[in-house]
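# A structural walkthrough
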Amino acid sequence: MNINIAQSALNIVVLIYIIQLLPQLWRTASKASVSDLSTVMIRLIWVGWVMDVLYAKLAAMPVQYFVVSYLGLFQTMLWILLLRTRKFFSTKEFLSFFTVVICVVASPLKWVMKLKFLPILTIGQVCFWFCWISQLVRSLIQKSAQDISLLSMFLGAIGTVCSLVAGSVLGWEKQYIFNLMLVVFFHICILAVLAYYRFYPKQNTSL
């Protein structure tokens with residue numbers, strides 16, 4: 001019974017991550033220019049997904065985990081491509097990102113195993129934590145959050161809750177479970193602040 005719950009939660013996570021970044025991609029694609037996105041946030045998200053793919057390979061995670069990791073990395077690359085067309089990233093930067101992704105995805109397990117000495121899981125988790133902090137700082141400075149999709153963030157929070165359920169049942173690493181618990185709370189707090197700057201930007205211009 002518990003296994004069925006875990007599998008259902010993982011399937012929901014996969015479904016969420018298939019569509020999770022689509023609202024953000026649409027928001028970016030529909031704007032001629034962007035101004036209040038944090039480039040540090042986007043770079044950290046990219047690093048986080050790269051680490052997640054490596055961790056999935058090293059820890060032999062379930063198929064659903066691989067799907068989520070690859071989708072997250074692929075959609076982040078699409079986002080970076082859209083931002084490159086809006087002069088947010090240079091072509092050289094995009095090609096560098098793309099080259100690293102190809103190397104990570106195509107590397108056989110025996111090569112990836114040589115990176116086992118690195119705290120890959122910790123690096124990925126730290127990147128996902130600090131990416132939203134950097135966006136929060138950017139929004140606080142500009143008193144605006146018009147370029148961030150709140151729906152994407154909300155879906156991410158729901159996906160994290162489902163991952164927490166699955167991880168608890170399947171006995172994933174305690175560090176991973178603890179991080180997921182903190183991320184849920186963290187997402188709610190960040191979402192509330194960004195929503196405030198989305199709907200009340202003018203009231204903050206004099207602060």
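Computed from a prediction, not measured in an experiment: that's the story for all the values here. Within any chain, residue numbers begin from 1 and follow the written order of that chain's sequence. Totals for whole chains, interfaces and linings use every residue, but because this is a predicted model, local features are given only for residues with pLDDT of at least 70 and side-chain atom pairs only at 80 or more, for both listing and counting. Side-chain calculation: all heavy atoms of the structure are included, whereas hydrogens and water are not.

Scanning the protein chain from N- to C-terminus turns up 9 helices and 0 strands. Secondary structure elements follow DSSP: runs of H or I no shorter than four residues count as helices, runs of E no shorter than two count as strands, and numbering proceeds from the N terminus. Ordered by position from the N terminus, the helices and strands of the protein chain form the series α-α-α-α-α-α-α-α-α. In terms of C-alpha radius of gyration, the protein chain reaches 17 Å, essentially the compact-globule figure of 17 Å for 207 residues. For the protein chain, the spread of C-alpha atoms along the three principal axes comes to 50 × 40 × 25 Å. Across the protein chain, every contact between residues at least 6 apart in sequence was considered, and the portion connecting residues at least 24 apart equals 83%. Only the protein chains shown count as cover for residues, and the accessible areas themselves come from Shrake-Rupley with a 1.4 Å probe. With an accessible surface of roughly 10,700 Å², the protein chain has 72% of that area assigned to carbon and sulfur atoms. Only four residue types enter the charge count: Lys and Arg as positive, Asp and Glu as negative, with His and the chain ends excluded. Charge positions come from single atoms, namely NZ of Lys, CZ of Arg, CG of Asp or CD of Glu. For the protein chain, the separation between the mean place of its 16 positive charges and that of its 5 negative charges on side chains is 4 Å. As defined in this context, the radius of gyration uses C-alpha atoms, and a globule is described by 2.2 Å times the residue total to the power 0.38. Residues are treated as being in contact if the distance between any of their heavy atoms lies within 4.5 Å.

It is worth spelling out the nonpolar core at this point. Among the nonpolar cores identified, the biggest contains 58 residues, and L37, M41, I42, W79 and W132 are the most heavily contacted of them. Among the secondary structure elements, those contributing two or more residues to this core are α1 (2-19), α3 (39-58), α4 (63-85), α5 (91-106), α7 (120-142), α8 (150-170) and α9 (174-199). With 11 residues, α3 is the single largest residue contributor to this core. Joining through side-chain atoms within 4.5 Å is the link that ties buried Ala, Val, Leu, Ile, Met, Phe, Trp, Tyr and Cys residues into a set, and such a set is a nonpolar core. Partly exposed residues are those whose accessible area sits between 20% and 50% of the maximum for their type, while under 20% is buried and over 50% is exposed, using a 1.4 Å probe and protein chains only.

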